[in-house]
Amino acid sequence: MNNANTSIIPAIGRVLMAAIFVMSGIGKLLAPAATIGYIASSGLPFATAGLAVAIAVELGGGLLLALGIQTRLVAAGLAAFSIVTALAFHHAIGDQNQMIHLLKNIAMAGGLLQVVAFGAGAYSFDNRRAVIGGRQPA
């Protein structure tokens, strides 16, 4: 095993990346009207359905990422979600705040793609299943 297969660093990275999704999902759960209004003000249809999808992706995906469950698939989904939301909600790049949010989402997608490429690491449910099943860890 090399250092990447035994280090706690990937787990710390996953938890740090997951934090923004989990906190955002909780925020949407606690203030659904604000999120529905924001989605509608962006001109997107089905704002209520968009809220439900966003909560499921952010809260569910964030928790799965933090725990290292189906990590590559979840990270790919969160990366796609980050890019779509960047383009849908933060495209007004003349506004410095929106430009920062756009770049933040793009940077998050980049970090998530690293997880897609290199896997969950040693401290994850994915790795535990692989070890118990006698497979090569992800």
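Here the residue index of a chain counts from 1 through its sequence in written order. Two thresholds apply to this predicted model, a pLDDT of at least 70 for residue-level local features and 80 or more for giving and counting side-chain atom pairs, whereas whole-chain, interface and lining totals are computed over all residues. Side-chain numbers here rest on the full set of heavy atoms in the structure, without hydrogens or water.

**A closer look at the layout of surface pockets**
As a reminder of what qualifies: Here the term cavity refers to a set of points on a 1 Å grid, laid over the protein atoms alone, in which a 1.4 Å probe fits but cannot get out; the term pocket refers to an open set having protein on both sides within 12 Å along at least five of seven lines, with lining residues being those that place an atom within 4 Å of a point. Grid points are joined across faces, edges and corners, and a volume is the space filled by probe spheres set on the points. By the criteria applied, helices consist of DSSP H or I runs no shorter than four residues and strands consist of E runs no shorter than two, each listed in order from the N terminus. Three classes are used: nonpolar for Ala, Val, Leu, Ile, Met, Phe, Trp, Tyr, Cys and Pro, charged for Asp, Glu, Lys and Arg, and polar for all others, with Gly counted as polar.
Space inside the largest pocket adds up to approximately 600 Å³. Every residue lining the largest pocket is counted, 27 residues in all, and those nearest its centre are Lys 28, Glu 58, Phe 81, Thr 85 and Phe 89. Listing elements by their share of the lining of the largest pocket, those giving two or more residues are α1 (9-30), α2 (32-41), α3 (47-67), α4 (71-89) and α5 (96-118). Considering every element that reaches the lining of the largest pocket, the biggest residue donor is α4, with 6 residues. The residue inventory of the lining of the largest pocket, partitioned by class, reads 14 nonpolar, 10 polar and 3 charged.

**Quick notes on the UniProt feature "transmembrane region" (unreviewed entry) in the protein chain**
Cut-off, in case you're wondering: UniProt positions are given in the numbering used here, feature names are shortened, and annotations may be inferred rather than shown by experiment.
In this numbering, the UniProt entry assigns the feature "transmembrane region" (unreviewed entry) to residues 12-40, 46-66, 73-93 and 105-125. Across residues 46-66 one finds 95% helix and 0% strand; the C-alpha atoms that close the span lie 29 Å apart. Along residues 105-125, the helical share is 71% and the strand share 0%, with 26 Å between the first and last C-alpha atoms.

**Some details on a nonpolar patch on the surface**
The following threshold applies: To count toward a patch, a residue needs a relative accessible area above 30% and no salt bridge. Like charges then connect within 9 Å, nonpolar side chains (Val, Leu, Ile, Met, Phe, Trp, Tyr) within 5 Å. Each accessible area is a Shrake-Rupley estimate made with a 1.4 Å probe; only the visible protein chains count as cover when residues are assessed. Criterion for a salt bridge: a side-chain nitrogen of Lys or Arg within 4 Å of a carboxyl oxygen of Asp or Glu.
On the surface, Ile 8, Ile 9, Ile 12, Leu 16 and Tyr 123 cluster together to form a nonpolar patch covering roughly 530 Å² of accessible area. Among the structural elements, Ile 12 can be located in helix α1.

**A look at the packing of aromatic side chains**
Quick reminder of the rule: Each Phe, Tyr or Trp ring, with Trp reduced to its six-membered ring, pairs with another whose centre is within 6.5 Å; inter-plane angles below 30 degrees give stacked pairs, above 60 give edge-to-face pairs, and intermediate values give tilted ones. Under the scheme applied here, a residue whose accessible area is under 20% of the maximum for its type counts as buried, over 50% as exposed, and between as partly exposed, the area being computed with a 1.4 Å probe on protein chains only.
In total, this model carries 1 aromatic pair according to the counting rule given. Relative to Phe 89, the ring of Tyr 38 has its centre 5.4 Å away and its plane inclined at 25°; by these criteria the two rings are stacked. Placement of Tyr 38 in helix α2 and of Phe 89 in helix α4 is noted, with a sequence separation of 51 residues between them. Its relative accessible area of 18% is what places Phe 89 among the buried residues.

**Some remarks on the packing of α4 against α5**
Stated formally: Under this scheme, a helix contributes an axis fitted over its contacting stretch, all axes are lines through C-alpha atoms, and angles between N-to-C directions fall in the 0 to 180 degree range. Note on terminology: angles under 35 degrees are roughly parallel, angles over 145 are roughly antiparallel, angles of 65 to 115 are roughly perpendicular, and the others are oblique. Each crossing gets its handedness from the near helix: less than a right angle anticlockwise from the far helix is left-handed, clockwise is right-handed. Here, residues are in contact when the closest pair of their heavy atoms is within 4.5 Å.
Running from amino to carboxyl end, α4 crosses α5 at an angle of 165°, the nearest separation of the two axes being 8 Å. Between α4 and α5, the crossing angle belongs to the class labelled roughly antiparallel. Crossing angle aside, the handedness with which α4 passes α5 is left-handed. The segment α4 lies against α5, with Thr 71, Arg 72, Ala 75, Ala 76, Leu 78, Ala 79, Ser 82, Ile 83, Thr 85, Ala 86, Leu 87 and Phe 89 engaging Gln 98, Leu 102, Asn 105, Ile 106, Met 108, Ala 109, Leu 112, Leu 113, Val 115, Val 116, Ala 117 and Phe 118. The class makeup of the residues in the contact of α4 with α5 is 18 nonpolar, 5 polar and 1 charged.

**Structural notes on the pattern of salt bridges**
Inspection of the entire model under this criterion finds 2 salt bridges. A salt bridge links Lys 28 to Glu 58; its shortest N-O distance comes to 3.1 Å. Placement of the pair is Lys 28 in helix α1 and Glu 58 in helix α3, with a sequence separation of 30 residues. According to the relative accessible area criterion, Glu 58 is buried, its value standing at 7%. In this structure, Arg 129 and Asp 126 form a salt bridge, with 2.7 Å as the shortest nitrogen-oxygen distance. Placement of the pair is Arg 129 and Asp 126 together in helix α6 (residues 125-132), with a separation of 3 residues, close to one helical turn. For Arg 129, a relative accessible area of 38% translates into the label partly exposed.

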